[in-house]
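Chain by chain, the residues run as shown.
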Number of protein chains: 2
Amino acid sequence: MNVTATEENYLKAIFKINERTNKAVNTNSIAALMNTSPASVTDMLKRLSEKKVINYIKYKGVTLSPEGNKIATNLIRRHRLWEVFLVNKLNFSWENVHDIAEELEHIKSDRLINSLDNFLGNPRFDPHGDPIPNAEGKFMLRNQISLDQLRPGQIGTLVGVKEHDSPFLTYLNSLNIELGTQLKVISKIDFDHSMKVKIDTNNESQLSQKICKNLLVKRI
Amino acid sequence: MNVTATEENYLKAIFKINERTNKAVNTNSIAALMNTSPASVTDMLKRLSEKKVINYIKYKGVTLSPEGNKIATNLIRRHRLWEVFLVNKLNFSWENVHDIAEELEHIKSDRLINSLDNFLGNPRFDPHGDPIPNAEGKFMLRNQISLDQLRPGQIGTLVGVKEHDSPFLTYLNSLNIELGTQLKVISKIDFDHSMKVKIDTNNESQLSQKICKNLLVKRI
DNA sequence: TATAATTTTTAGGTCACCCTAAATATTAAT
DNA sequence: ATTAATATTTAGGGTGACCTAAAAATTATA
């Protein structure tokens, strides 16, 4: 099925919201995520429905059809591979790659993307730790928990971040926290649920609950 | 000035036609090059004129304004750098890069393109031998002549091709002719202006005048 | 120089993608 | 179970980028 770049973006939005909520995606949430009006979303849902890439019931929300799911995962694959390219080959920092990848992802050439994948050494995760689906759309799973679930004394290595917000990532840079960084919980403050955390073998920092909830770690 | 991808393509077309003819570009030639109708071209010329990226006088043809020229050369720079990337890094062959570069060229990030340029080692020419303008839009010139201007006994190295047509490039592949290949004119046939040419130190081939006119060589 | 041929523009329409305002359906609350 | 609040859709409109057909301007030719 031939979809435009805009349509692809809608499919991606539906995929991402569904990933979080695991239920039929409603109009307003798409509008909010895409910074557009609910009326425009309805408009688009009709078009996507006619192309059979979504299952749409008026007033009842929307899910991706198998075909729509394929388009969305492919788009995510392309996005994340380009992010790897930007960081690993062009020396971009992880907080600066999103917008450019958002444009690059729409170039539709299987040959291009498979060559790129190969050139990058078939990476499994992007610079934010998000899994890169393979050419068949399969995501690699990983047992990860957010840092705030660790108890004092426990140690995790950073394998991902939930939020991809540039200021958040820049803040992590300033704390010397990056993928692979070891985080040891020293203590928890009951009052605000913040944590004192040892970062690698160096300094200790006080991290707010919000920060901790956005740091995905693998327990070691 | 902010221009859309489509507008950029029109500016590029105007640039390329003007490069060949050195005079005001007429509506029909743009329509022909872009596979669109003359009416659509007129439509677009009005828009481009309002954005002050072209000098447009009704019925009299069009030229690029300094600003339009900058946009066009920048687009060409991006196109050619991506072609180098595709060939040198992703192992594409020179006949397969055009269409993908045509999409990649519209990603507008100076940071991206300058990093790419650097990553590629600041190449001066693309895989077809076309010069890559620098960030200021300056093209590197080179004294080159078409193969058909050589006389028997003279030798040239291939530095470019005029035509970028995929079948033409594939034909050159089959003759083992690529950039850098040494071509020695053995003899000329007056009747059809074809030439017998020694390719590197190997075989000799009979090349039609049309082929010879499309091979750009540097005399040695 | 008048007419024919060609080029270009105008007129009027379509489609994708967006908008706001108003109407309708669903869900929550009294 | 009504009513109030919220979510969603419809109605009507705008813009960019295209189209065809017809009109007008330019250029070529007799």
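Counting starts from 1 at the beginning of each chain's written sequence and moves along it residue by residue. The order in which chains are written sets their letters, starting at A; the order in which ligands are written sets their numbers, starting at 1. Selection of residues for local features in this predicted model requires a pLDDT of at least 70, selection of side-chain atom pairs for listing and counting requires 80 or more, and totals for whole chains, interfaces and linings are taken over all residues. For the side-chain quantities, the full set of heavy atoms in the structure was used; hydrogens and water were omitted.

A. Focus on the sheet that holds strand β5 (residues 182–188) of chain A. Residues and elements named next belong to chain A. A pair of strands counts as paired when DSSP detects no fewer than two bridges linking them. The helix and strand labels rest on DSSP assignments: H or I over at least four residues marks a helix, E over at least two residues marks a strand, and numbering proceeds from the N terminus. The sheet built from six strands is open, its strands ordered β3-β8-β4-β5-β6-β7 with antiparallel pairing. Two strands in the sheet have a free side with no partner beyond their single neighbour: β3 (145–146) and β7 (204–207). Pairing analysis gives three bridges linking strand β4 (residues 155–161) to β5, with the strands arranged antiparallel. Residue pairing in the sheet places I155 in a bridge with K184 of β5. Across the sheet, helix α7 (residues 166–174) is in contact with β4, β7 and β8 (215–219); its angle to β4 comes to roughly 145°. Contact criterion: two residues are considered in contact whenever any of their non-hydrogen atoms come within 4.5 Å of each other. Orientation is described by lines fitted to C-alpha atoms, with helices fitted over the stretch in contact, and by angles between N-to-C directions that extend from 0 to 180 degrees.

B. View of the protein's contact with DNA strand C. Note on definitions. A residue lies near a molecule or strand when any single heavy atom of the residue is within 4 Å of it. Not every one of the 22 residues close to DNA strand C is listed here, only the nearest: A:T4, A:S40, A:R47, B:Y56 and B:K58. Taken together, the sugar and phosphate atoms account for 77% of what DNA strand C places within 4 Å of the protein. The separation between a phosphate oxygen of DNA strand C and a polar side-chain atom of A:T36 is 2.9 Å. For the purposes of these results, a polar contact is taken to be a pair of N or O atoms within 3.5 Å, where, inside protein, one atom must be able to donate a hydrogen and its partner to accept one; residues adjacent in sequence count only when each atom of the pair is a side-chain atom. In this structure, B:N28 approaches DNA strand C through a main-chain N or O atom, which is 2.8 Å from a phosphate oxygen.

C. Expanded view of the pattern of salt bridges. All names here are of chain A. Any Lys or Arg side-chain nitrogen found within 4 Å of a carboxyl oxygen on Asp or Glu counts as a salt bridge. What the rule picks out here adds up to 18 salt bridges over all chains. With its nearest N and O atoms 3.1 Å apart, the salt bridge here joins D43 to R47. Pair noted here: D43 and R47 are both in helix α3 (residues 38–50), with a separation of four residues, about one helical turn. Taken together, the salt bridges that share partners define one network made up of E8, R78 and K108.

D. Summary view of the relation of the copies chain B and chain A. The fit set for superposing copies consists of C-alpha atoms from residues with pLDDT of at least 70 in both; the fit itself is least squares. Taken as rigid bodies, chain B and chain A are interconverted by a rotation of 180° and an axial shift of 0.0 Å, the fit giving an RMSD of 0.1 Å. Seen this way, the second copy is the image of the first under a two-fold rotation axis. The position closest to the rotation axis in chain B is occupied by the C-alpha of B:L104, lying 3.6 Å away.

E. Representation of the interface of chain B and chain A. Facing 19 residues of chain B, the contacting portion of chain A comprises 19 residues. Note: buried area is the sum, over both parts, of the accessible area (probe 1.4 Å) each one loses when the two are combined. Summing the contributions of chain B and of chain A, the shared interface buries around 1,600 Å²; its carbon and sulfur component is 75%. Counting across the interface, chain B meets chain A through zero salt bridges. At the junction of chain B and chain A, the tally comes to zero residue pairs in polar contact (both at pLDDT 80 or more). Secondary structure elements with two or more residues in the side of chain B that touches chain A: α4 (66–89), α5 (98–104) and α6 (110–119) of chain B.

F. Broad picture of the nonpolar core. Grouped together as the largest cluster of nonpolar side chains are 34 residues, with contacts concentrated most on A:W82, A:F85, B:W82 and B:F85. At the level of elements, α4 (66–89), α5 (98–104) and α6 (110–119) of chain A together with α4, α5 and α6 of chain B are the ones that each hand at least two residues to this core. A:W82 has contacts with A:A101, A:L104, A:E105, A:L112, A:I113, A:L116, B:W82, B:F85 and B:L104, leaving out every residue within four places of it along the chain. Residues enter a nonpolar core if they are buried and are Ala, Val, Leu, Ile, Met, Phe, Trp, Tyr or Cys, with the set joined through side-chain atoms within 4.5 Å. Note on classification: 1.4 Å probe, protein chains only; a residue is buried when its accessible area is under 20% of the maximum for its type, exposed when over 50%, partly exposed between these limits.

G. Main features of α4(A). One less than the residue count of a helix, multiplied by 1.5 Å, gives the span that helix is expected to have. The first and last C-alpha atoms of α4(A) sit 34 Å apart over 24 residues, in line with the 34 Å expected at 1.5 Å per residue. After α4(A) finishes, the residue A:N91 shows a positive phi value of roughly 60°.

H. Inspection of the pairing of strand β2 (residues 61–64) of chain B at higher detail. Residue and element names in this part refer to chain B. Strand direction decides the pairing type here: strand β1 (residues 54–57) and β2, joined by four bridges, are antiparallel. Looking across to β2, one finds that Y56 is bridged to V62. Counting the residues between successive antiparallel strands, the hairpin from β1 to β2 contains three residues, one of them, Y59, with a positive phi of roughly 70°.

I. Main features of the sheet that holds strand β6 (residues 195–199) of chain B. Residues and elements named next belong to chain B. Read across the open sheet, the six strands follow the order β3-β8-β4-β5-β6-β7; overall the sheet is antiparallel. Two strands close off the open sheet at either side, each with one partner strand: β3 (145–146) and β7 (204–207). In terms of strand pairing, β3 meets strand β8 (residues 215–219) through two bridges, oriented antiparallel. In the strand pairing of β8, S146 is matched with L216.

J. Expanded view of the protein's contact with DNA strand D. Taken together, 23 residues lie around DNA strand D, and A:Y56, A:K58, B:T4, B:S40 and B:R47 are the ones closest in. Residue A:T27 places a side-chain N or O atom 2.9 Å away from a phosphate oxygen belonging to DNA strand D. Here a phosphate oxygen of DNA strand D and a side-chain polar atom of A:K58 are 2.7 Å apart. When residues of the surface near DNA strand D are traced back to their parent elements, those giving at least two are α2 (27–34) and α3 of chain A together with α1 (5–21) and α3 (38–50) of chain B. Broken down by class, the residue content of the surface near DNA strand D amounts to eight nonpolar, nine polar and six charged. When residues are sorted by character, Ala, Val, Leu, Ile, Met, Phe, Trp, Tyr, Cys and Pro go into the nonpolar class, Asp, Glu, Lys and Arg into the charged class, and all the rest, Gly among them, into the polar class.

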